[in-house]
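Each chain, written out:
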Amino acid sequence: MVKKVVLNADGSVPGSWYDEEYWERGAESGKLSYNGNEYRNNLDACKMWASDTYDRWGPFKSYLELGCGRGWSIWGMMYLPELRIERFLGVDISQYAIDTAVDQVRPFLKVGDISKINELVSHQHWDLIFSNDVLEHLTFSQAQSCLRRSRDLGIRVVNLISIGDGANRPDGDVPADQDQSHILLKSKDWWVALFQSVFS
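In what follows, the accompanying structure is described. Bear in mind the structure is a predicted one, so any value in this text is a computation, not a measurement.

Conventions and cut-offs
Residues numbered from 1 in each chain as written. Predicted model: local features only at pLDDT ≥ 70, side-chain atom pairs only at ≥ 80, totals over all residues. Heavy atoms only, no water. Buried < 20%, exposed > 50% of the residue type's maximum accessible area, 1.4 Å probe, protein only. Helix = DSSP H or I, 4+ residues; strand = E, 2+ residues; numbered from the N terminus. Pairing = 2+ DSSP bridges. Core = buried A, V, L, I, M, F, W, Y, C linked by side-chain atoms within 4.5 Å. Contact = heavy atoms within 4.5 Å. Expected span 1.5 Å × (residues − 1). Polar contact = N/O pair within 3.5 Å; in protein donor to acceptor, adjacent residues only side chain to side chain. Axes fitted to C-alpha atoms, helices over the stretch in contact; angles between N-to-C directions. Phe/Tyr/Trp six-rings, centres within 6.5 Å; stacked < 30°, edge-to-face > 60°. Lys NZ or Arg CZ within 6 Å of the ring centre and 35° of its normal. Parallel < 35°, antiparallel > 145°, perpendicular 65-115°, else oblique. Left-handed = near helix turned anticlockwise from the far one by under 90°. Nonpolar A, V, L, I, M, F, W, Y, C, P; charged D, E, K, R; others polar.

**Focus: the pairing of strand E4 (residues 126-132)**
Part 1 of the argument: Burial of E4 is extensive: five of the seven residues sit out of reach of the surface.
Part 2 of the argument: Judged from the three bridges that link them, strand E1 (residues 62-66) and E4 form a sheet pairing that is parallel. The residue of E4 that forms the bridge with Leu64 is Ile129.
Part 3 of the argument: Note that E4 and strand E5 (residues 154-160) share six bridges and pair parallel. Each residue of the ladder has a partner; that of Phe130, found in E5, is Val158.

This is the structure in structure tokens:
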């Protein structure tokens, strides 16, 4: 049975949605998210993701990850000194994800709303601001704010987005087979237009 998100008054997903059920028992819980997101025994996978990020969008000396979850990529970067990354930070709305992160990476993670990222970071300049399958968890207003604030903070901004079936679904209309917090499922053209409106 699918468990629908009880949205905040502004249509956003509450941070409390991203709890133990979400991260550990997604299918069983009806949230249709992760079924375990545990890599502390697989540092090699984390290093591979970190290397891949650097190879595709580097070089960079500072890295800010939005919607970082438990910070697995940042953990991988910590074990790749040859990349010479001097500063990294991850931000996620899930207190559970941050609390259950690996001890070494937790000091580099912060709980917060990424649509207000400029209020959460002490450094106002980042070589790379990165997110992977995150913006679809936001309202249109939040996504637009996140992109605008990222534009002002980052040299390079990379957002990988899940577009589901590629249709422009009404906000909050999540198919039963999708992560139920994917409230902004839009087409590639819709996302391109949003990015162009912010970055052009």
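**Examining the nonpolar core**
Part 1 of the argument: Ranked by size, the top nonpolar core spans 23 residues in total, and within it Phe60, Tyr63, Met77, Ile85, Val105, Leu109 and Leu128 carry the most contacts.
Part 2 of the argument: Of all the secondary structure elements, the ones that give two or more residues to this core are helix H3 (43-57), helix H4 (72-78) and E4.
Part 3 of the argument: What Val105 contacts, discounting residues up to four positions off in sequence, is Arg70, Gly71, Ile74, Trp75 and Met78.

**A closer look at H3**
Along an α-helix, a turn takes 3.6 residues, which lines up residues three or four apart on a common side.
Part 1 of the argument: With 15 residues, H3 extends 21 Å between its outermost C-alpha atoms, agreeing within 8% with the 21 Å of an ideal straight helix rising 1.5 Å per residue.
Part 2 of the argument: Residues of H3 that are buried: Ala45, Cys46, Ala50, Thr53, Tyr54 and Trp57.
Part 3 of the argument: Close packing links the buried residues of H3 with E1, H4, E4 and E5.

**Focus: the environment of Ser62**
Part 1 of the argument: Mapped onto the fold, Ser62 is located in strand E1.
Part 2 of the argument: Between the C-alpha atoms of Ser62 and His123, which are 61 residues apart in sequence, the distance is 9.8 Å.
Part 3 of the argument: Setting aside its immediate chain neighbours within four residues, Ser62 contacts Arg87, His125, Trp126, Asp127 and Leu128.
Part 4 of the argument: Here Asp127 takes part through its backbone nitrogen, which lies 2.7 Å from a polar atom of the side chain of Ser62.

**As for the sheet that holds E1**
Part 1 of the argument: Taken in spatial order, the five strands of this open sheet run E3-E2-E1-E4-E5, and their pairing is parallel. Each edge of the open sheet carries a strand with a single partner, namely strand E3 (109-111) and E5. Each strand of the sheet is rotated relative to its neighbour by a mean of 20 degrees, with strand direction disregarded.
Part 2 of the argument: Sheet topology note: the E1/strand E2 (residues 87-92) ladder contains five bridges and is parallel. In the strand pairing of E2, Ser62 is matched with Arg87.
Part 3 of the argument: Along the sheet, H3 contacts E1, E4 and E5; its crossing angle with E5, the most-contacted strand, is approximately 120 degrees.

**A few points about the packing of aromatic side chains**
Aromatic ring pairs are described here by two measures, namely the spacing of the ring centres and the angle between the planes.
Part 1 of the argument: Inspection of the entire model under this criterion finds 14 aromatic pairs.
Part 2 of the argument: One aromatic cluster in this structure is built from Tyr39, Trp49, Trp72, Trp75 and Tyr79.
Part 3 of the argument: Positioned above the aromatic ring of Trp17, the side-chain terminus of Lys31 is 4.3 Å from the ring centre.
Part 4 of the argument: The ring of Trp190 has Lys186 sitting right over it, with the charged end atom 5.6 Å from the ring centre.

**Observations concerning the packing of helix H6 (residues 140-153) against helix H7 (residues 188-199)**
Part 1 of the argument: As a packed pair, H6 and H7 sit with axes 9 Å apart at the nearest point and diverge in direction by 45 degrees. Classified by the interaxial angle, the pair formed by H6 and H7 is oblique. You can see that H6 and H7 cross each other, and the crossing is right-handed. Seen from H6, the contacting residues are Phe140, Ala143, Gln144, Leu147, Arg148 and Arg151; seen from H7, they are Trp190, Leu194, Phe195, Val198 and Phe199.
Part 2 of the argument: Classifying every residue of the contact of H6 with H7 by side-chain character gives eight nonpolar, one polar and two charged.

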